[in-house]
There are 2 protein chains.
Amino acid sequence: MSEPVINIGLAGFGTVGRGVWKFLRSQEDLLACRTGARLKISKVTTRTRSKALDQGVPESMLVPSWKELVSDSQIEIIVELMGGVQEARELVMTALRSGKHVVTANKALLAAHGEELLGIAREQGKKLLFEASVAGGIPILKALQEGLVANHVKSIHGIINGTCNYILTTMRDQKRTYEDVLVDAKRLGYAEADEALDVDGYDTAHKAAVLAALAYGVWVPEAKLFTQGIRSIQQQDIAFARQLGYEVKLLAIIKNDLEETLEIRVNPTLIPLTHVLASVDGVFNAISLRGDVVGDALFYGRGAGEAPTTSSVLADLAEIAKGRGRQEAASFCKPLVKKVLQIEEIISRYYLRLTIEDKPGVLAQVATVLGVHGIGISSVIQPETHEENGVPLIIMLHDAQEQKFVEAVKEIEKLKVVQAPAVWIRVEDFSS
Amino acid sequence: MSEPVINIGLAGFGTVGRGVWKFLRSQEDLLACRTGARLKISKVTTRTRSKALDQGVPESMLVPSWKELVSDSQIEIIVELMGGVQEARELVMTALRSGKHVVTANKALLAAHGEELLGIAREQGKKLLFEASVAGGIPILKALQEGLVANHVKSIHGIINGTCNYILTTMRDQKRTYEDVLVDAKRLGYAEADEALDVDGYDTAHKAAVLAALAYGVWVPEAKLFTQGIRSIQQQDIAFARQLGYEVKLLAIIKNDLEETLEIRVNPTLIPLTHVLASVDGVFNAISLRGDVVGDALFYGRGAGEAPTTSSVLADLAEIAKGRGRQEAASFCKPLVKKVLQIEEIISRYYLRLTIEDKPGVLAQVATVLGVHGIGISSVIQPETHEENGVPLIIMLHDAQEQKFVEAVKEIEKLKVVQAPAVWIRVEDFSS
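Please read all numbers here as calculations on a predicted model, not as lab measurements. Per-chain numbering applies: the sequence of each chain, read as written, is numbered from 1 onward. Chain letters start at A and ligand numbers start at 1, both assigned in the order the entries are written. Whole-chain, interface and lining totals are the exception, using all residues; otherwise, since this is a predicted model, local features are given only for residues with pLDDT of at least 70 and side-chain atom pairs are given and counted only at 80 or more. Calculation of side-chain values draws on the structure's entire complement of heavy atoms; hydrogens and water are dropped beforehand.

Another aspect to go through is the overall build of chain A. Labels follow the DSSP assignment, with helices taken as runs of H or I lasting at least four residues and strands as runs of E lasting at least two, numbered in each case from the N terminus. When its secondary structure is counted, chain A shows 15 helices and 17 strands. The C-alpha extent of chain A, read off along each of the three principal axes, is 85 × 60 × 45 Å. Categorising residues by exposure relies on relative accessible area from a 1.4 Å probe, with only protein chains included: less than 20% of the type maximum marks a residue as buried, more than 50% marks it as exposed, and the intermediate range marks it as partly exposed. Here chain A holds 432 residues, and the buried ones make up 61% of them. Here, two residues are considered to be in contact whenever any of their heavy atoms come within 4.5 Å of each other. Sequence separation of at least 24 residues holds for 70% of the intrachain contacts in chain A that already meet a minimum separation of 6.

This paragraph deals with the sheet that holds strand E5 (residues 128-129) of chain B. Residues and elements named next belong to chain B. Pairing between strands is defined by DSSP: at least two bridges between them are needed. Reading across from one edge, E2-E1-E3-E4-E5 is the order of the five strands in this open sheet, with parallel pairing throughout. Across the chains shown, the open sheet's two edge strands, defined by having one partner strand only, are strand E2 (38-45) and E5. With five bridges joining them, strand E1 (residues 5-11) and strand E3 (residues 75-80) adopt parallel strand pairing. Within E3, the residue paired with Ala11 across the bridge is Glu80.

Residues and elements named next belong to chain B. With 18 residues, helix H6 (residues 107-124) should reach 26 Å at 1.5 Å per residue; the first-to-last C-alpha distance of 22 Å falls well below that figure. We define the bend at each residue as the angle formed by axes fitted to the 7 residues ending at it and the 7 residues starting at it. The sharpest bend along H6 measures roughly 85° and falls at His113. Where H6 is concerned, the buried positions are Leu109, Leu110, Ala111, His113, Gly114, Leu117, Leu118, Gly119, Ile120 and Ala121. Where H6 is buried, its residues meet E3, helix H5 (86-97), E5 and helix H11 (202-216). The term polar contact refers here to a pair of N or O atoms within 3.5 Å; inside protein, the definition further demands a hydrogen-donor-capable atom paired with an acceptor-capable atom, and it admits residues adjacent in sequence only when both atoms are side-chain atoms. Sitting at the amino-terminal end of H6 is Asn106, which places a side-chain oxygen 3.4 Å from the backbone nitrogen of Ala108. Residue Gly125 follows H6 closely and has a positive phi angle near 65°. Given a helix with a known number of residues, its expected span is that number minus one, times 1.5 Å.

Before going further, it helps to examine the sheet that holds strand E4 (residues 101-104) of chain A. All names here are of chain A. As summarised here, the arrangement of the five strands in space is E2-E1-E3-E4-E5, forming an open sheet in which the pairing is parallel. The sheet terminates laterally at strand E2 (38-45) and strand E5 (128-129), the two strands that pair on one side only. Inter-axis angles, ranging from 0 to 180 degrees, are taken between N-to-C directions of lines fitted to C-alpha atoms, where helices are fitted over the stretch in contact. Seen against the sheet, helix H1 (residues 15-26) touches strand E1 (5-11) and E2 and runs at an angle of roughly 145° to E2.

One can find Glu260 of chain A in the loop between strand E8 (246-255) and strand E9 (261-272). Glu260 of chain A gets classed as partly exposed once you look at its relative accessible area, which sits at 38%.

Attention now moves to the interface of chain B and chain A. Contacts between the two partners involve 117 residues from chain B and, on the opposite side, 117 residues from chain A. Here, a salt bridge means any Lys or Arg side-chain nitrogen found within 4 Å of an Asp or Glu carboxyl oxygen. At the boundary of chain B and chain A, one finds eight salt bridges. The salt bridge partner of Glu146 of chain A is Lys142 of chain B, with a shortest N-O separation of 2.7 Å. Between the two partners, chain B and chain A, sit 36 residue pairs in polar contact (both at pLDDT 80 or more). Here the element with the most residues in the side of chain B that touches chain A is strand E9 (residues 261-272) of chain B; it accounts for eleven residues. Any residue that is not Ala, Val, Leu, Ile, Met, Phe, Trp, Tyr, Cys, Pro, Asp, Glu, Lys or Arg is counted as polar, Gly included; the first ten are nonpolar and the last four charged. Split into classes, the residues belonging to the side of chain B that touches chain A amount to 65 nonpolar, 26 polar and 26 charged. In terms of strand pairing, E9 of chain A meets strand E17 (residues 423-427) of chain B through two bridges, oriented parallel. Note that in E17 of chain B the partner of Leu270 of chain A across the bridge is Val427 of chain B.

As a further point, take the environment of Leu214 of chain A. All names here are of chain A. Structurally, Leu214 is set in helix H11 (residues 202-216). Residue Leu214 is classed as buried on the basis of its relative accessible area, which comes to 5%. As for Leu214 and Met171, which are separated by 43 residues in sequence, their C-alpha atoms are 34 Å apart.

Residue and element names in this part refer to chain A. For Arg176, the location among the structural elements is in the loop between helix H8 (162-174) and helix H9 (178-187). According to the relative accessible area criterion, Arg176 is buried, its value standing at 17%. Polar contacts involving the side chain of Arg176 include one to the side chain of Gln174, which spans 2.4 Å. A polar contact of 3.1 Å, which involves the side chain of Arg176, links it to the side chain of Asp180. Those residues in contact with Arg176 that sit more than four places away from it in its chain are Thr170, Met171, Val181, Asp184 and Gln235.

This part is about the packing of aromatic side chains. Residues and elements named next belong to chain A. When two rings of Phe, Tyr or Trp (its six-membered ring) have centres within 6.5 Å they constitute a pair, described as stacked for plane angles under 30 degrees, edge-to-face for angles over 60, and tilted for the intermediate range. In total, this model carries eleven aromatic pairs over all chains according to the counting rule given. Centre to centre, the rings of Tyr166 and Tyr190 are 4.6 Å apart; their planes meet at 70°, and the pair counts as edge-to-face. Separated by 24 residues along the polypeptide, Tyr166 in helix H8 and Tyr190 in the loop between H9 and helix H10 (196-199) bring together distant segments of the chain. Here Tyr350 and Trp424 contribute two aromatic rings whose centre-to-centre distance is 5.7 Å and whose plane-to-plane angle is 75°, an arrangement assigned as edge-to-face. Residue Tyr350 is found in strand E13 (residues 347-356), and its partner Trp424 is found in strand E17 (residues 423-427); the two are separated by 74 residues along the sequence. Members of the aromatic cluster, each reached through a chain of ring pairs, are Tyr350, Phe405 and Trp424. In this scheme, the term charge over a ring applies when either NZ of a lysine or CZ of an arginine sits within 6 Å of the ring centre and within 35 degrees of the ring normal. A cation over a ring is seen here: Lys67 above Trp66, with NZ or CZ 5.2 Å from the ring centre.

Let's shift gears to the relation of the copies chain B and chain A. Least squares is the method for superposing the copies, and the C-alpha atoms it fits come from residues with pLDDT of at least 70 in both. With an axial shift of 0.0 Å and an RMSD of 0.1 Å, the rotation relating chain B to chain A amounts to 180°. Put plainly, the chains are arranged around a two-fold axis. Taking C-alpha positions as the reference, the residue of chain B nearest the rotation axis is Phe299 of chain B, at 2.4 Å.

Glancing now at the nonpolar core. Put simply, a nonpolar core is a bunch of buried Ala, Val, Leu, Ile, Met, Phe, Trp, Tyr and Cys residues held in one set by side-chain atoms that sit within 4.5 Å of each other. Within the largest apolar cluster, 172 residues are counted, with the highest numbers of intra-cluster contacts made by Ile140 and Ile167 of chain A together with Ile140 and Ile167 of chain B. Among residues more than four places away in sequence, those in contact with Ile167 of chain A are Tyr178, Val181, Leu182, Ala185, Val199 and Ile230 of chain A.

Structure below.
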């Protein structure tokens, strides 16, 4: 606990506010180790005090107005998660002018007043960071500004609204209408009670404006940003598109191939099934980007929700903290692991191909050996062939420890009915 | 040209060295604008002087040994692209101890001596950056260290060797043997004359060691890193795997779910066709990562080659330069665009669905209108239906300016044979 403490004022306690409260505590040691500073929330303001109290926010921390955050000289960073535009603007302006850094996830605010607010931040020499405003947990803004800094961005294509992508994916998979799926999406919490901001494309447009600003230094006003949502997409068009080899996605499209003109728009779009973006389903987000040096790159992940969005808010906080604390590589603070597993110790699923005598009972013999070693079979294929030297038997196995699996294979290879060395490959099903 | 100049010594003029020479010049203004400093190569050392001279490196810049780079007090950054381990280690150590920052793409060096070299960098208060060492142009190391800094990484799955992925993809698509495809890969320059480093998995293992070091602060020695390549993968196993719903990929797998034990290995792996990694084909790289806060995220792009790898070298140089120059958001130096396109001005492909009278000659009438407006048809579907009020006609169009397309649609809607308002959706084929 020797690291200096950085006090944070949290404005807003909705989904993301709750996430910041929770994860700043669960990740406090990790972040202290990586940044050299302790990030601590010292005051919270919210319209829904009961929710904050439920999460364990002490009553003494709750203040009735954001004005008490910005007037508190102990607070160095304001995290703005109130949403809305006018009051959020006033808060961010006042906070910056009071010498505080600001972290926000508010894309509507940035789309409307980003230029002005960043100007104030620059004047004041304070940071205004907003990684969480676009594509939740995906660090796309940092990639644009730093990892790909040597690139002139030729195009950006983004699936950056999970609600729309969930609706379109479900319409396709379940062959249902837009209206029908929307009801489900609301029930599951994927769509707001008032769905307009999402399905009419405005949320996507706000994020597109932020992306374009970072790529080109131009803030495109909402009125100039062509925006078309997904209300009019019909089931049959999704089906016809697939027959043609395309998927229907709501895309933010930003292009700057034509020298000094910028193309920026949000609309439902057919994209080839062969493009990686076409496989971005459900509530996932992805941003495909073409740079003049790097070529094509794609960033994919969860674009909304408490935890992913919080991941980006915390990354912004860490960036500010590192300016105060240790400026070192994140990982070299304290090794987190003590033992590297030997290959025999790993647990994996396995694909096993045997060459066997084509007669009844062989599978039973093989299964018995596997069973003795406690290894379960998940599926079996025995294709018809006319090989002279035995036929293939393909077995997909459940999780097993490699040592036990290898022992089982050795025993299986000794069976008389097995005519060649076994072929096996490890399987990764991403379940853990 | 008022920005301060930062002099760079370039050691090595192979593929990436040539890229750094070329792109540092083509991107010089962009980087000056974004970092506040002019990054200039002042001396080059290479065993192949003729290649450097061919690319326009002045003879006066060429020096016979890297020792002349590190002894030059004007040089602030050494870019190490010589490859190999022992001499590269000596160069990097000497450079850091001479008070210079170092940027390298040398994963073999890092896997063997990363811990030692980063220790020296820390002692000297200099930067040792190596974004280009893993997954070429994909800014995965920055994402691990900064964008996802609030996460404990639970697992990393990486397709990080383009040669192996090209071979496996081609074996699958063309139903050819490993040996056969390898010959092609060498001819096309995707595999080295000595292919062992790639196909036996060592290159992937070096990169896995770097990823694990950044995620967990532990440098796993090569001897402890289980490494299995792709030489033994047979065509039939790729085919059987697909029947089972899996793709065969060479993966680097790093897991830390079991508290203080680390699982790290490189091996051919079956992964579900439904996972995004399964669609990473050819020479592309991708890294899928699971964090305890962000959930799943994936980073995809070109993992090797002159330009993508250079993109990451330049990003590292920019990071060092920003410490000297302006510490500002990259994009706010100078707006790059002057005009935002109106939606009528964009050029796009279109999907058009009409509801038409089911009789001969209709397509001809529609095609005539499109032709008058200079819009070409790329494909047509007319599914059999038994609708009472007309039948669907789906037309996929070539590039057209939106204004002309909309005019054409209006005219088409006036045709007597067209029985309902047209439905249309923009198409994005990522060709430009």
